[in-house]
Amino acid sequence: MARYILRRLAFLLVSLALASVVLFVLLRLLPGDPANALTSVGAAPEQIAAARHSIGSDRPLPEQFSHWIGQLASGDLGTSFISSLPVGPEVGARLRVTVPLTLAAFVLAVLIAVPAGFIAAYKRRTWYGALLSGVSQLGIAVPVFWLGMILIAVFALNGGWLPAGGFPQDGWAEPAEAMRSLVLPVATIALVMSASLIRYVRSATLDVLGSDYLRTARALGSSFGRAMWRHGLRNAAVPVISILGIELASTLLGAVVVESVYALPGLGSLLATGIAQHDYPVIQGVLFVSTLAVLLIGFAADILQRIIDPRLRGRLSGGVR
């Protein structure tokens, strides 16, 4: 297991290095000149050239890349072309909104999806089991921004119970107001995510309900609840954990939509601003941190699967993987 963790860590580092190369190259292939954001409309060629020199975009690409990698190696995400401020602290400040939003939505989605998916599978021949399956299918087709606008109209504009958007200027210095401002964004993400997760939990539960080992345990005198707890839960959890990792990563990356709907100063809004201004250090910093988070989530999900399922640990010791 220790050797496998080391191999996975090595794979993570290689993936991160490749992602940084792809990220750097793709940004330079996009149309637009970041120097234009630093000069006025109709600026003279000399002014544009001076702007390029000030931000270093006139240097050869290998030199720009080596400079960026050197900064990353020292924990520096660079300096914004527009604000001339370090990108790292700005990304850290935005993460204080995006991370609680993502984690709270993820936890709520799991709390909804796991019991609902189990009921949809166990009571699949009842009307409410079929209703849960139908609602989950419908929820997958609902765009997250549309659901966000519906929740704003119902709970903010009409009801006046919750804020329609924004975040306290002092951030988490006002925890009650900060949490209140995240209620609707969290609900928006959680409802859409849980609709997808219900399908996977239902499918994994159906596989367990039809398994030979569960029938054998019942035949030997175990109650249904005891058989599911001792034999079914672990087997159902293995494929679901993989999906949970994917959903958590996609939620982190897709937070830009929800943050735009609710005007939250998170990582997504910072990325949108950086793209609009062709601010390469900001774009690179946000995407690098997001990529690192996605790789770490996948790594954690993979390790957790092997801790839960002894068969996967056996494959490792047997040299299959």
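You'll find the structure just up there.
Let's talk about the overall build of the protein chain
Then step 1. Within the protein chain, the regular secondary structure consists of 13 helices and zero strands.
Then step 2. Helices (α) and strands (β) of the protein chain occur, in sequence order from the N terminus, as α-α-α-α-α-α-α-α-α-α-α-α-α.
Then step 3. Per-residue burial for the protein chain yields a buried fraction of 40% across its 321 residues.
Then step 4. Look at the contacts in the protein chain between residues 6 or more apart in sequence, and 70% of them connect residues 24 or more apart.
Then step 5. Side chains of the protein chain carry 24 positive and 16 negative charges; the gap between the two charge centres is 22 Å.

Section: the nonpolar core
Then step 1. Counting 39 residues, the largest nonpolar core has Leu197, Tyr262 and Leu264 as its most contacted members.
Then step 2. For this core, the secondary structure elements donating two or more residues are α4 (87–122), α6 (144–158), α7 (175–209) and α9 (224–253).
Then step 3. With 14 residues, α7 is the single largest residue contributor to this core.
Then step 4. Leaving out residues up to four positions away in the same chain, tyrosine 262 has contacts with Gly148, Leu151, Ile152, Ala164, Gly165, Gly166, Leu184, Pro185 and Thr188.
Then step 5. Leu27, Leu271, Val282 and Val286 belong to the second-largest nonpolar core, a separate cluster that totals 16 residues.

Thoughts on helix α11 (residues 267–276)
One turn of an α-helix holds 3.6 residues; hence residues three or four places apart share an orientation.
Then step 1. Within the span of α11, buried status applies to Leu267, Gly268, Ser269, Leu270, Leu271 and Gly274.
Then step 2. The elements touched by buried residues of α11 are α4, α10 (255–261) and α12 (280–308).
Then step 3. Histidine 278 sits one or two residues past α11 and shows a positive phi near 55°.

Observations regarding a nonpolar patch on the surface
Then step 1. A contiguous nonpolar surface patch, about 760 Å² in accessible area, is contributed by Phe145, Trp146, Met149, Ile150, Val154, Phe155, Trp161 and Val257.
Then step 2. It is α6 that contributes the most residues to the nonpolar patch, six residues altogether.
Then step 3. Inspection of the secondary structure assignment puts phenylalanine 145 in helix α6.

Points about the side chain of threonine 188
Then step 1. Topologically, threonine 188 is positioned in helix α7.
Then step 2. Apart from the residues within four sequence positions on either side, threonine 188 is in contact with Val144, Leu147, Gly148, Leu151 and Tyr262.

Quick look at the environment of isoleucine 5
Then step 1. Within the fold, isoleucine 5 resides in helix α1 (residues 2–29).
Then step 2. Owing to a relative accessible area of 28%, isoleucine 5 belongs among the partly exposed residues under this scheme.
Then step 3. Isoleucine 5 sits 215 residues away from leucine 220 along the chain, and the two C-alpha atoms are 38 Å apart.

Definitions and limits used
Residues numbered from 1 in each chain as written. Predicted model: local features only at pLDDT ≥ 70, side-chain atom pairs only at ≥ 80, totals over all residues. Heavy atoms only, no water. Helix = DSSP H or I, 4+ residues; strand = E, 2+ residues; numbered from the N terminus. Buried < 20%, exposed > 50% of the residue type's maximum accessible area, 1.4 Å probe, protein only. Contact = heavy atoms within 4.5 Å. Lys, Arg positive; Asp, Glu negative; His and termini not counted. Charge placed at Lys NZ, Arg CZ, Asp CG, Glu CD. Core = buried A, V, L, I, M, F, W, Y, C linked by side-chain atoms within 4.5 Å. Patch = residues over 30% accessible without salt bridge, like charges linked within 9 Å, V, L, I, M, F, W, Y side chains within 5 Å. Areas by Shrake-Rupley, 256 points an atom, 1.4 Å probe, with all protein chains shown as cover. Salt bridge = Lys/Arg side-chain N within 4 Å of Asp/Glu carboxyl O.

Limitation: the analysis is restricted to geometry and does not speak to function.
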